[in-house]
Amino acid sequence: MKKVTFIERYVINDTGAITFTGNTLGLSRSNTVGVPGTVDSIRGYIIKRTSVQFGSYPPGTTNVFKNNSSATVLNLPAGCTVLYAELIWGGTYIDSPDPATAREVILSTASGCPTTYGRLM
């Protein structure tokens, strides 16, 4: 397991609350097709249609990555002000990427911020 290092991105001294929301797209597999497990690779995918179920994964799953979909809702009280928001994502993929869908993304800004490298699969 990798240790996650947090980087301070925003500092303010104010009253209020912190809230989080999240979701996922990929679910770990076992060595048996259609059965969830702890093998470090994705085999089941979340979809919004709960009438579909892949193997013994929970309802709302598929084995077709092109059909994955996910949504979440962050409910905030009326009149509140968001001081800072951040989208955080991550993932792992063990199998070789499909050359037709793999893309290497290099993001950079002229503002002196560090360059970010990513690989979309």
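Because the structure is a prediction, the values reported are computed rather than measured. (Residues numbered from 1 in each chain as written. Predicted model: local features only at pLDDT ≥ 70, side-chain atom pairs only at ≥ 80, totals over all residues. Heavy atoms only, no water.)

Caption draft 1: Focus on the environment of Gly26. Considering the arrangement of structural elements, one finds Gly26 in strand E1 (residues 26-29). Judged by relative accessible area, Gly26 falls into the partly exposed class, the value being 24%. Excluding residues within four positions of it along the chain, Gly26 makes contact with Ile42, Gly44 and Tyr45. (Helix = DSSP H or I, 4+ residues; strand = E, 2+ residues; numbered from the N terminus. Buried < 20%, exposed > 50% of the residue type's maximum accessible area, 1.4 Å probe, protein only. Contact = heavy atoms within 4.5 Å.)

Caption draft 2: Layout of a nonpolar patch on the surface. Together, Tyr10, Ile12, Leu83 and Tyr84 make up a nonpolar patch on the protein surface, roughly 370 Å² of accessible area in all. Here Leu83 lies in the loop between strand E3 (61-62) and strand E4 (103-107). (Patch = residues over 30% accessible without salt bridge, like charges linked within 9 Å, V, L, I, M, F, W, Y side chains within 5 Å. Areas by Shrake-Rupley, 256 points an atom, 1.4 Å probe, with all protein chains shown as cover. Salt bridge = Lys/Arg side-chain N within 4 Å of Asp/Glu carboxyl O.)

Caption draft 3: Expanded view of the sheet that holds strand E2 (residues 39-46). The antiparallel open sheet is built from 3 strands, whose spatial order is E1-E2-E3. Unpaired on one side and paired on the other, E1 and E3 mark the two borders of the sheet. Relative to E3, E2 runs antiparallel, the two sharing 2 bridges. By the bridge assignment for E3, Tyr45 is matched with Thr62. (Pairing = 2+ DSSP bridges.)

Caption draft 4: Looking closely at the pattern of salt bridges. Summed over the entire model, instances satisfying the criterion amount to 1 salt bridge. Close ionic contact of Glu86 with Arg9 constitutes a salt bridge, the shortest N to O distance being 2.9 Å. With Glu86 in the loop between E3 and E4 and Arg9 in the segment before E1, this pair connects stretches of sequence that are 77 residues apart. Taking the relative accessible area as the measure of exposure, Glu86 reaches 38% and is therefore partly exposed. Among the residues examined, Arg9 registers a relative accessible area of 54% and is labelled exposed.

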